[in-house]
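The primary structure of each chain is shown beneath.
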Amino acid sequence: MSELLQVQDIQKRFGALQAIELLRFSLNEGEILGIIGPNGAGKTTAINLISGMMRPDNGRVFFAEEDVTGMSPHVLVNRGLVRTFQATTVYQDQTVRENVLRGAYAKAYPGLLKSLWRGAQGLSPAEETFIDDLLAQLGLAEMAPLTARNLPYGHQKVLGLAIALAAQPRLMMLDEPAAGLAHDEVVHLEGVIRRANASGISMLVVDHNMRFISTLCQRVVVLHHGAELATGTPREVTRDQRVIEAYLGTPHEPA
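Here is what the cut-offs are and how they apply
- Residues numbered from 1 in each chain as written.
- Predicted model: local features only at pLDDT ≥ 70, side-chain atom pairs only at ≥ 80, totals over all residues.
- Heavy atoms only, no water.
- Pairing = 2+ DSSP bridges.
- Helix = DSSP H or I, 4+ residues; strand = E, 2+ residues; numbered from the N terminus.
- Axes fitted to C-alpha atoms, helices over the stretch in contact; angles between N-to-C directions.
- Left-handed = near helix turned anticlockwise from the far one by under 90°.
- Contact = heavy atoms within 4.5 Å.
- Nonpolar A, V, L, I, M, F, W, Y, C, P; charged D, E, K, R; others polar.
- Buried < 20%, exposed > 50% of the residue type's maximum accessible area, 1.4 Å probe, protein only.
- Polar contact = N/O pair within 3.5 Å; in protein donor to acceptor, adjacent residues only side chain to side chain.

## Notes on the sheet that holds strand β2 (residues 17–28)
Here is step 1: Sheet architecture is open: four strands sit in the order β2-β1-β4-β5, paired in antiparallel fashion. The open sheet has two edge strands with one neighbour each: β2 and β5 (66–67).
Here is step 2: In the sheet, strand β1 (residues 3–14) pairs with strand β4 (residues 58–63) via five bridges, with the strands oriented antiparallel. Within β4, the position partnered with valine 7 by the bridge is valine 61.

## Details of the packing of helix α3 (residues 96–104) against helix α6 (residues 153–165)
Here is step 1: Close contact between α3 and α6 brings their axes to 6 Å; oriented N to C, the two are set at 35°. Two packed elements cross with a definite hand, and for α3 against α6 that hand is right-handed. Of the residues in α6, those in contact with Val96, Asn99, Val100 and Gly103 of α3 are Leu159, Ala162 and Ile163.
Here is step 2: Per-class residue counts for the contact of α3 with α6 are five nonpolar, two polar and no charged.

## What about the side chain of serine 26?
Here is step 1: On the secondary structure map, serine 26 appears in strand β2.
Here is step 2: Under the relative-accessibility criterion, serine 26 is labelled buried at 18%.
Here is step 3: Within the local environment of serine 26, its side chain forms a polar contact with the side chain of glutamate 3, the two groups lying 3.3 Å apart.
Here is step 4: Beyond its immediate sequence surroundings of up to four residues, serine 26 is in contact with Glu3, Leu5, Gln6, Leu33 and Arg219.

This is how it looks when you write it as structure tokens:
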């Protein structure tokens with residue numbers, strides 16, 4: 001299995017705070033990789049550094065064998081690397097369909113930005129089919145004409161994923177996708193992620209919901225004080241005494 005993402009000894013300091021210290025890990029093509037750790041462990045900072053939101057002080061990031069260290073987020077989107085955020089980042093005053101169109105223009109269809117300016121008029125049959133299929137796959141088809149702000153919180157989370165998926169990425173990085181969701185919403189979200197992964201999209205998932213991570217991910221990287229504490233299968237890391245002491249508190253059996 002080939003490595004799609006390689007993070008090589010990246011570092012990031014904010015004043016006196018060493019947020020990331022020599023972090024090294026890789027993600028394989030087609031894998032769902034989890035990142036866990038206590039608050040302040042550096043999880044979101046790591047995603048920010050990989051996605052181009054921040055530039056590392058030292059170290060390199062390679063995506064599809066290309067050195068992409070410090071590249072701008074929009075450049076990385078065009079290369080197939082996208083990320084979501086902890087908070088819902090949808091366009092609240094636009095419809096569900098218009099939200100997904102905004103994601104699609106970034107890579108899939110160069111002419112789609114003009115379609116956004118024209119509203120819903122003038123879409124090609126291929127564009128129509130692509131958007132409709134994506135909405136149907138994510139359970140959003142019936143909500144397509146609704147204004148995003150009127151969706152339940154869980155569906156806004158799924159819409160955020162739809163915007164990212166519309167760019168047809170090779171790798172999606174999800175920052176706390178299950179945060180604030182009820183159990184049935186988490187189950188629906190897990191299904192969305194699994195279907196996207198089955199279609200060929202690799203995933204990096206940061207979350208505090210250990211059962212969600214254990215059920216979803218093939219491997220897990222545990223961060224502590226900005227560095228890797230352990231890496232392994234969910235069963236391996238949840239039985240690691242260092243992880244139990246630093247993060248879990250008590251042993252956790254994956255589902």
